[in-house]
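Notes for the structure review
Here is how the chains run, residue by residue.
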Amino acid sequence: MKRTILLVLALFAFAGPATAAGPAKQPVATGFFQGRAITYYDFGPIKLKAGNKLAPLWAVTNGADGQHNIVDTVPGRADYSPLWQINMVTFKDGMTAHLLKSKADVDAAVKAGEVTVTSTKTVVNCPVLGFGQKRIAGYSNGHLIHYFDLGPVKVAPGNVVAPLYTVTNPVGAQQHNIAEENIAPGRPSIRRCGESSR
């Protein structure tokens, strides 16, 4: 049986050198959640079939210096998803842009007539970091790696997926899932999704 799951390689986990200078690292973006800064991986847009769990993200098109994307949930909450549907927030002409750091800030700016919010159909794969997500061990090209298993996802045609093999009757506890290709954070060919064969 095959299923497609979201896999995120952890920054700290690749055991083999990606370059002569050492392991490459996946860039980390900064965002806002309820008034405080958070970090996340930005893997960009993803094409999905219907039926996936999505969470809203607000992107300010003409914000003040230091403005970042805004989310209203994080890992560990029932409504969290690493798949974010984008809402575009724009300050109206004549309004002075100021930092918006939470959904409450966006709602207040809408109520005050400062901004407009436009929903889009764009969904991005941006897993939030730093909330105790469990790291899963695996192998890639003979190297030990760690990744976050973000669960099943219904992907539409047009996404790049990579095979991930699960041994159903392992010899010992040291057996882990196996990625077919050589993958590491920061590689241009890094996959956003893995297709698990069981």
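Before any of the text, the structure's been laid out above.
Note that the coordinates shown come from a computational prediction; the quantities given were computed from them, not determined experimentally.

What follows concerns unusual backbone geometry. Even without being glycine, Q34 reaches a positive phi, approximately 50°. With respect to the secondary-structure elements, Q34 resides in the loop between β2 (28-33) and β3 (36-41).

What follows covers the pairing of β3. The pairing of β2 with β3 spans six bridges and is classified as antiparallel. Its bridge partner lying in β3, A29 is registered against Y40. If you look at the hairpin formed by β2 and β3, you'll find two residues sitting between the two strands, and Q34 has a positive phi there, around 50°. Sheet topology places β3 next to strand β8 (residues 128-129); two bridges connect them, and they run antiparallel. Along β8, the bridge assignment pairs Y40 with V128.

Strand pairing in a sheet is mediated by backbone hydrogen bonds. Such pairs are either parallel or antiparallel. The strand order β7-β6-β4-β5-β2-β3-β8 describes an open sheet built from seven strands, whose pairing is mixed. Each edge of the open sheet carries a strand with a single partner, namely β7 (115-125) and β8.

Right, let's talk about the environment of S102 for a bit. Inspection of the secondary structure assignment puts S102 in the loop between β6 (83-91) and α1 (103-111). Once the C-alpha coordinates of S102 and V71 are considered, the two residues, 31 residues apart in sequence, prove to be 7.0 Å apart. Dropping the residues within four chain positions of it, S102 is found in contact with Q34, G35 and I70.

In this section: the pattern of salt bridges. Under the definition given, this model contains one salt bridge. For K103, the salt bridge identified is with D107, shortest N-O distance 2.8 Å. In this pair, K103 and D107 both sit in helix α1, four residues apart, roughly one turn of the helix. The exposure class assigned to K103 is partly exposed, which follows from its relative accessible area of 29%. Taking the relative accessible area as the measure of exposure, D107 reaches 38% and is therefore partly exposed.

Looking now at the pairing of β6. Working note: regular strand, side chains alternate between the two faces of the sheet. When strand β4 (residues 55-60) meets β6, the two strands line up parallel, connected through six bridges. The residue bridging W58 from the neighbouring strand is N87, located in β6. Pairing between β6 and β7: eight bridges, direction antiparallel. Each residue of the ladder has a partner; that of F91, found in β7, is V115.

Below, the discussion takes up the layout of surface pockets. There is about 220 Å³ of room inside the largest pocket. Taken together, 18 residues make up the lining of the largest pocket; nearest its centre are Y80, S81, P82, L150 and G151. Tallying contributions element by element places strand β10 (residues 143-152) first for the lining of the largest pocket, with five residues. Looking at the lining of the largest pocket, its residues break down into eleven nonpolar, four polar and three charged.

A few words now on the nonpolar core. Among the nonpolar cores identified, the biggest contains 14 residues, and L57, V71, W84 and V128 are the most heavily contacted of them. For this core, the secondary-structure elements that each account for two or more residues are β3, β4 and β6. With three residues, β4 is the single largest residue contributor to this core. Ignoring anything within four residues of it in the chain, the contact list for W84 reads A55, P56, L57, V71, T73, T122, V123, V124, C126 and V128. Within the second largest apolar cluster, ten residues are counted, among which are W58, L100, A109 and V115.

Criteria and cut-off values
- Residues numbered from 1 in each chain as written.
- Predicted model: local features only at pLDDT ≥ 70, side-chain atom pairs only at ≥ 80, totals over all residues.
- Heavy atoms only, no water.
- Helix = DSSP H or I, 4+ residues; strand = E, 2+ residues; numbered from the N terminus.
- Pairing = 2+ DSSP bridges.
- Contact = heavy atoms within 4.5 Å.
- Salt bridge = Lys/Arg side-chain N within 4 Å of Asp/Glu carboxyl O.
- Buried < 20%, exposed > 50% of the residue type's maximum accessible area, 1.4 Å probe, protein only.
- 1 Å grid on protein atoms, 1.4 Å probe; cavity = no way out; pocket = protein on both sides within 12 Å on 5 of 7 lines; lining within 4 Å.
- Points joined across faces, edges and corners; volume = space filled by probe spheres on them.
- Nonpolar A, V, L, I, M, F, W, Y, C, P; charged D, E, K, R; others polar.
- Core = buried A, V, L, I, M, F, W, Y, C linked by side-chain atoms within 4.5 Å.

Just geometry here; none of it tells us what the structure is for.
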